[in-house]
Amino acid sequence: MMTDVDVRLLDGPPRIPTLLARAVVTSRGRKGADGALPGHRLVLPGVEQDLARLRDYCEVTGDVLGDTVPATWLHVLTFPLQVQLMADRSFPFPMVGMVHVANTMTLHRPVRAAETLVLSSWAENVRPHRRGSTVDLCGEVRVGDEVVWEGRSTYLARTSSPQEATSVGQGGSDGGAAPEVAGAEAEDRGLPTTEMARWRLPAGLGRRYAAVSGDANPIHLTGLTAKALGFPRAIAHGMWTHARVLAAARSRVPEVATVEVQFVKPVLLPSTVVLRGELEGDGGRFAVTDRDGGRLHLTMQVTAAPAATGRDAEHG
């Protein structure tokens, strides 16, 4: 069981629109890297999964609704707790302007849609970055006392004015990940080159994903709201791209696995993107690029993970 941790129990899922509004109002005066992270963990027990919402999520991300849920669905459930942590005045960085640059998640065993969950989230590991500071927002899902899923979202808090990415949850820009590469350079850089799929993404994709994920950031919704924040058009959620790749690869990679993702360049809507991949042993490597392979949007590494039945994780 968790010990020596300041646990704050929630009586319901946080409301993301309210938290985003609060984050805007309280953005000034935060201490940045000189401030301390919140020392508490948010816990939401007794979560019954909404099967209608899960069905819609699978439809938007190209997955198949079944008895077990996608690993990225568990991120969607814990994301509102992350937002509450970042919107709190005790969080040292202004949430508006943070960029989601990387995500790691481990599914320790298949999670059934009928299971009741305990969700938790906390912040840790501030470190310097050439464009500011990064911080990890961690999530955990339990069934009873068993840890079944763990996630870590790395956000960049910029100290310079962002031009390519301006907000939480957008599946960001640079952030220290790989730069743009020409198609001919992909092999030299170790990126997979085999084309697995080609997707035409409609202009309204951001609104559809926002409706099922709760991440209704304006940069995803319309061209007008995206332009107000410095983008030529609306952009796809990074976690949509993450989920779409895993859905496409689901039958080819281990179900119990660790998935490491770097978000590189935003996907403008509408557009066409290409999934490239290579299977290797108990996992695989994947990349999402533009049609010509000259612009890299996402890289993903999937590796088999040991099952953790009965595991009880400790986090400081």
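This write-up is about the structure you can find in this document. Remember, it's a predicted structure, so these values are computed and weren't measured experimentally. (Residues numbered from 1 in each chain as written. Predicted model: local features only at pLDDT ≥ 70, side-chain atom pairs only at ≥ 80, totals over all residues. Heavy atoms only, no water.)

### Focus on the overall build of the chain
The secondary structure content of the chain amounts to 6 helices and 11 strands. Per-residue burial over the chain gives 56% buried out of 316 residues. Of all intrachain contacts in the chain linking residues separated by at least 6 positions in sequence, the fraction that spans at least 24 positions is 75%. Carbon and sulfur atoms provide 51% of the accessible area of the chain, an area that totals close to 13,300 Å². (Helix = DSSP H or I, 4+ residues; strand = E, 2+ residues; numbered from the N terminus. Buried < 20%, exposed > 50% of the residue type's maximum accessible area, 1.4 Å probe, protein only. Contact = heavy atoms within 4.5 Å. Areas by Shrake-Rupley, 256 points an atom, 1.4 Å probe, with all protein chains shown as cover.)

### Details of the packing of aromatic side chains
For the structure shown, the criterion picks out 4 aromatic pairs. Centre to centre, the rings of tyrosine 57 and tryptophan 73 are 5.5 Å apart; their planes meet at 55°, and the pair counts as tilted. Highlighted residues: tyrosine 57 in helix 2 (residues 51–61) and tryptophan 73 in helix 3 (residues 71–87), separated in sequence by 16 residues. Seen in terms of ring centroids, tyrosine 57 and tyrosine 209 are 6.2 Å apart; in terms of plane orientation they differ by 50°. Their pairing is tilted. With tyrosine 57 in helix 2 and tyrosine 209 in helix 4 (residues 205–213), the pair connects residues that are 152 residues apart, well separated along the chain. We note that tyrosine 57, like tyrosine 209, is buried. An aromatic cluster of at least three residues, connected via ring pairs, comprises Tyr57, Trp73 and Tyr209. In this structure, arginine 41 is placed above the aromatic ring of tryptophan 122, and the distance from its NZ or CZ to the ring centre is 4.0 Å. (Phe/Tyr/Trp six-rings, centres within 6.5 Å; stacked < 30°, edge-to-face > 60°. Lys NZ or Arg CZ within 6 Å of the ring centre and 35° of its normal.)

### A few points about helix 3
For helix 3, which comprises 17 residues, the first-to-last C-alpha distance of 25 Å matches the rise-based estimate of 24 Å (1.5 Å per residue) to within 8%. Along helix 3, the sharpest change in direction is near 35° and occurs at threonine 78; proline proline 80 comes one to four residues later. Within helix 3, 16 of the 17 residues are buried, which leaves the element mostly enclosed by the surrounding structure. (Expected span 1.5 Å × (residues − 1). Bend = angle between axes of the 7 residues up to and from the residue.)

### Notes on the side chain of arginine 109
By secondary structure assignment, the location of arginine 109 is in the loop between strand 3 (98–107) and strand 4 (116–129). Side chain to side chain, arginine 109 and glutamate 146 meet in a polar contact 2.9 Å long. Among all residues touching arginine 109, those that are not within four sequence positions of it are Glu115, Val143, Glu146, Val148 and Val256. (Polar contact = N/O pair within 3.5 Å; in protein donor to acceptor, adjacent residues only side chain to side chain.)

### Considering the environment of glycine 284
As for its position among the elements, glycine 284 is in strand 10 (residues 283–290). For the pair glycine 284 and proline 192, spaced 92 residues apart in sequence, the C-alpha to C-alpha distance is 9.4 Å.

### Considering the packing of helix 2 against helix 3
Close contact between helix 2 and helix 3 brings their axes to 11 Å; oriented N to C, the two are set at 125°. As far as their axial angle goes, helix 3 and helix 2 are oblique. Judged by the twist between their axes, the crossing of helix 2 over helix 3 is right-handed. Where helix 2 approaches helix 3, its residues Arg53, Leu54 and Tyr57 are matched on the opposing element by Thr72, Trp73, Val76 and Leu77. Residues of the contact of helix 2 with helix 3, tallied by class, amount to 5 nonpolar, 1 polar and 1 charged. (Axes fitted to C-alpha atoms, helices over the stretch in contact; angles between N-to-C directions. Parallel < 35°, antiparallel > 145°, perpendicular 65-115°, else oblique. Left-handed = near helix turned anticlockwise from the far one by under 90°. Nonpolar A, V, L, I, M, F, W, Y, C, P; charged D, E, K, R; others polar.)

### Regarding the pairing of strand 8 (residues 257–263)
Counting buried residues along strand 8, 5 of its 7 residues qualify, which places the element largely inside the surrounding structure. Two elements, strand 3 and strand 8, share 5 bridges in a ladder whose sense is antiparallel. Note on strand 8: the bridge partner recorded for alanine 102 is glutamine 262. Both strand 8 and strand 11 (residues 296–304) contribute to a ladder of 7 bridges, which runs antiparallel. In the sheet register, phenylalanine 263 faces strand 11, and the bridge partner there is leucine 298. (Pairing = 2+ DSSP bridges.)

### So, helix 6 (residues 238–249)
Side chains that are three or four residues apart share a direction in an α-helix, a result of its 3.6 residues per turn. Relative to the 16 Å expected for 12 residues at 1.5 Å per residue, helix 6 spans 17 Å between its end C-alpha atoms, a close match to the ideal helical length. Burial within helix 6 is extensive, with 11 of its 12 residues counted as buried.

### Considering the sheet that holds strand 1 (residues 6–9)
By definition, the strands of a sheet pair up through backbone hydrogen bonds, in either a parallel or an antiparallel sense. An order of 1-2-4-5-6-3-8-11-10-9-7 is seen for the 11 strands of this open sheet, with the pairing classed as mixed. With one partner strand each, in any of the chains shown, strand 1 and strand 7 (195–201) form the two edges of the open sheet. Between one strand axis and the next, the sheet turns by 20° as a mean value, whatever way the strands run. Pairing analysis gives 4 bridges linking strand 1 to strand 2 (residues 40–48), with the strands arranged parallel. Across the sheet, arginine 8 pairs through a bridge with leucine 42, a residue of strand 2. Along the sheet, helix 6 contacts strand 3, strand 7, strand 8, strand 9 (271–280), strand 10 and strand 11; its crossing angle with strand 11, the most-contacted strand, is approximately 50°.

### Overview of the packing of helix 1 (residues 16–25) against helix 3
Running from N to C, helix 1 and helix 3 cross one another at 20°; their axes reach a closest spacing of 9 Å. With respect to helix 3, the axis of helix 1 lies roughly parallel. Considering how the two elements wind past one another, helix 1 and helix 3 form a crossing that is left-handed. Two secondary-structure elements touch here, helix 1 through Ile16, Leu19, Arg22 and Ala23 and helix 3 through Phe79, Pro80, Val83, Gln84 and Ala87. Considering only residue class, the contact of helix 1 with helix 3 consists of 7 nonpolar, 1 polar and 1 charged.

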